[in-house]
Number of protein chains: 2
Amino acid sequence: MFSPFGAPAERNFVVGLRMQILDGKKAAQSIKDDLRIEVAQRANEGKKIPHLAAILVGNNGASETYVAAKVKACEETGFKSTLVRLADDISEFKLLEVIEDLNENTDVDGILVQLPLPKHISSKKVINAINPDKDVDGFHPMSVGKMVEGLPTFIPATPYGIMLLLEHYKIETKGKHAVVIGRSNIVGRPMSILLSGNSNPGNCTVTICHSHTQNLKEICLQGDIIVAALGIPEFVKPDMVKPGAVIIDVGITRVADSTRKSGFKLKGDVEYDTVAPSTSWITPVPGGVGPMTIAALMKNTFMSCKNKND
Amino acid sequence: MFSPFGAPAERNFVVGLRMQILDGKKAAQSIKDDLRIEVAQRANEGKKIPHLAAILVGNNGASETYVAAKVKACEETGFKSTLVRLADDISEFKLLEVIEDLNENTDVDGILVQLPLPKHISSKKVINAINPDKDVDGFHPMSVGKMVEGLPTFIPATPYGIMLLLEHYKIETKGKHAVVIGRSNIVGRPMSILLSGNSNPGNCTVTICHSHTQNLKEICLQGDIIVAALGIPEFVKPDMVKPGAVIIDVGITRVADSTRKSGFKLKGDVEYDTVAPSTSWITPVPGGVGPMTIAALMKNTFMSCKNKND
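From a predicted model like this one, the values you see are computed outputs, not experimental measurements. Each chain carries its own residue numbering, running from 1 in the written order of its sequence. The lettering of chains begins at A and the numbering of ligands begins at 1, in the order of writing. The model is predicted, so local features are restricted to residues of pLDDT at least 70 and side-chain atom pairs to those at 80 or more, both for listing and for counting; the totals for chains, interfaces and linings are taken over all residues.

1. Some words on the sheet that holds strand S4 (residues 110-113) of chain B
Residue and element names in this part refer to chain B.
Move 1: In this analysis, strands are considered paired if DSSP registers two or more bridges between them. To qualify as a helix, a DSSP run of H or I must reach at least 4 residues; to qualify as a strand, a run of E must reach at least 2; elements of each kind are numbered from the N terminus. An order of S3-S2-S4 is seen for the three strands of this open sheet, with the pairing classed as parallel. Single-partner strands in this sheet number two, and they are strand S3 (80-86) and S4. Each strand axis lies, on average, 15° off the axis of its neighbour in the sheet, ignoring direction.
Move 2: The pairing of strand S2 (residues 51-57) with S4 spans four bridges and is classified as parallel. Its bridge partner being in S4, Ala-53 is matched across the sheet by Ile-111.
Move 3: Helix H3 (residues 61-77) contacts S2 and S3 of the sheet and is inclined by roughly 165° relative to S2. Here an axis means a line fitted to C-alpha atoms, over the contact stretch when the element is a helix, while the angle between two N-to-C directions is reported on a 0 to 180 degree scale. With C-beta atoms placed from the backbone, a contact is any residue pair whose C-beta atoms sit within 7 Å.

Printed below as a string of structure tokens:
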């Protein structure tokens, strides 16, 4: 296609890249539509309907938003949902009792505890108290261990959502070099495990980077796929991205914005406006990874219902 | 230090590298010596002595050697050991019963099943049957999940042994780029998790490579540390290694050698003679990672004994 004699317009066509959006909202809708049909079928056949129980401690603004979105997704897909609201000052012991009740409740297929929890409560203890068979957030060590070993299990919702997004848009991952920025247990770490696993999507060469990485820019420039999950707004700049790369932006930080009614704006970890033009695919924020996280949670809950009842 | 006017000898000094051996035999001996003293102290204080139970199914030559080395290490350190020998054609059900007995035996602190198992037995089922509190090989999903989440647990013996070796020789890892070749659940995968974890040794930027990696040579050349764990004898050649790199060779393949009484020679995954001269540190094969694996197993068993009895 390259021609040294091409007119400017032609050259632009040759050199230019057609950036496309990894539309998480659309992909999530398609997953939820499929689930809704399957749930309706189950209802017709007299089978059990999935039931998600969410626990919300206190009333942190972002947590309220996330939990509300999960409850809404249950309504959209025909799942049953229970929202357990607990006061900020609930004791750890009392919270563990609530979880134990939900563990024993045979109608409940999935249990999630919205994080973060107040400081006087150990998140680890709470998550470890969830029956692994109902651990639809995939944070229990048993779920994590099975994921590492490639056994069937609940995959943490955000990494699972990203895998579903790559699958939805048929992004080729085999043999690609994926650079994951961030090593959190919730996103970066499982993402590096899943992308390097023997699966499709997967089979990437994966480099995991973090606060001690010394030559981040050079490493990012090698990435055919970059997963930005460090939680610093607009950290990834255009000079860190290889032309044609696929960009997954997991960041979602509320940045003050007095021009908005809410008083804030959501920012990803990628400087979208400057980075997007030279990529092949990119997730917007919001509307990228966020909706996929919820779709993945729904899929996990549906699977749990089937595993336990069919 | 660089001087364009330097005499050849001087330049050699500046450019030259002094390769040193990561002597696993010595480091393992030092760990076992420490354990022997601690076990003797426990005996003096009337406390329980660690007890390792090993299950060997069939009589595969390499497996016999490995198990014998583990039993010998128990003798050296003053641990109690039990070797359960089972016939090649034992049923999976019967093997699971043996494990259940060892799970219930309060005198047994650690249980290991020597792999591989005969084909009619599911290794996963067998490993998952081991009580996670006695899983000194660290292969149970619960152990793996805890390792990923940075919780106290049994770390798989080979990766743990490598971490102990790096610690013993005070190899700086923070901010270094580690390239791990191989993504097995036993070595490559946990190694990539441990080296990239927020620990010391650890805090490396880690690239995990495997059979689908496209530009392995270029990636290896970036490695300040290379962990070769793919199981192909002499795969890593000098043109894949950056001068001054630290090389961990996990491979241990029996290659036919008619000049030897045994009929075979042990080969690592690194072409040692050609690679070693330009490295800063390198593990020999044998005498590198192998002895450390056993020392790590002993440490896990000791920890199990303390956790359960102190």
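Moving on from the model shown.
2. Here we look at the relation of the copies chain A and chain B
Move 1: Residues reaching a pLDDT of at least 70 in both copies supply the C-alpha atoms on which the copies are superposed by least squares. Placing chain A over chain B gives an RMSD of 0.0 Å and needs a rotation angle of 180°, together with 0.0 Å of translation along the axis. What we have between these two chains is a two-fold relation.
Move 2: Mapped onto chain B, 100% of the interface residues of chain A are again interface residues, and the two copies thus contact each other with one and the same surface.

3. Section: the interface of chain A and chain B
Move 1: Contact with chain A, which involves 26 residues of that partner, is made by 26 residues of chain B.
Move 2: For the side of chain A that touches chain B, the secondary-structure elements that each account for two or more residues are helix H6 (141-148) and strand S6 (205-209) of chain A.
Move 3: The element best represented in the side of chain A that touches chain B is H6 of chain A, accounting for seven residues.
Move 4: Two elements, S6 of chain A and strand S6 (residues 205-209) of chain B, share three bridges in a ladder whose sense is antiparallel. Bridging from a neighbouring strand, Ile-208 of chain A pairs with Val-206 of chain B of S6 of chain B.

4. Focus on the packing of helix H2 (residues 24-44) of chain A against helix H7 (residues 157-168) of chain A
All names here are of chain A.
Move 1: Interaxial distance between H2 and H7 falls to 10 Å at its minimum, and their mutual angle equals 95°. Considering their axes alone, H2 and H7 lie roughly perpendicular with respect to each other. Each of Gly-24, Ala-27, Ser-30 and Ile-31 in H2 lies in contact with H7, whose residues at this interface are Leu-164, Leu-165 and His-168.
Move 2: A class-by-class count of the residues in the contact of H2 with H7 yields four nonpolar, three polar and no charged. Note on angle classes: values under 35 degrees are labelled roughly parallel, values over 145 roughly antiparallel, values of 65 to 115 roughly perpendicular, and the remainder oblique. Nonpolar residues are Ala, Val, Leu, Ile, Met, Phe, Trp, Tyr, Cys and Pro. Charged residues are Asp, Glu, Lys and Arg, and all others, Gly as well, are polar.

5. Re the packing of H2 of chain A against helix H11 (residues 289-309) of chain A
Residue and element names in this part refer to chain A.
Move 1: At a minimum axis separation of 8 Å, H2 and H11 run at an interaxial angle of 20°. With respect to each other, H2 and H11 are oriented roughly parallel. Helix-helix and strand crossings are classified by hand; for H2 and H11 the assignment is left-handed. Across from Gly-24, Lys-25, Ala-27, Ala-28, Ile-31, Lys-32, Leu-35 and Glu-38 in H2, the residues of H11 making contact are Val-289, Gly-290, Pro-291, Met-292, Ile-294, Ala-295, Met-298, Lys-299 and Phe-302.
Move 2: Counted by class, the contact of H2 with H11 contains 11 nonpolar, two polar and four charged residues. Should the near helix be turned anticlockwise from the far one by less than a right angle, the crossing is left-handed, and should it be turned clockwise, the crossing is right-handed.

6. Thoughts on the confidence of the model for chain A
Move 1: pLDDT is defined as a per-residue confidence score from the predictor, taking values between 0 and 100. Confidence in the prediction of chain A, expressed as mean pLDDT, is 94, and 95% of residues score 70 or more.
Move 2: Note on residues 1-15 of chain A: pLDDT under 50 across the span, and five contacts to partners over four residues away in sequence or across chains.

7. Regarding the domain arrangement of chain A
Move 1: Residue ranges assigned to each domain were obtained from an automatic or database domain assignment. Assigned domains within chain A: domain 1 (47-132) and domain 2 (156-291).
Move 2: Centre-to-centre, using C-alpha coordinates, domain 1 of chain A lies 27 Å away from domain 2 of chain A.

8. Let's talk about unusual backbone geometry
Most peptide bonds are trans, and most residues other than glycine sit at a negative phi.
Move 1: The omega torsion across Val-285 of chain A and Pro-286 of chain A is -5°, close enough to zero to call that bond cis.
Move 2: Residue Pro-201 of chain B is bonded to the preceding Asn-200 of chain B through a cis peptide linkage, with omega at 0°.
Move 3: By secondary structure assignment, the location of Pro-201 of chain B is in the loop between helix H8 (188-195) and S6.
Move 4: One non-glycine residue, Lys-170 of chain A, lies in the positive phi region at around 50°.
Move 5: Along the polypeptide, Lys-170 of chain A turns up in the loop between H7 and strand S5 (177-181).

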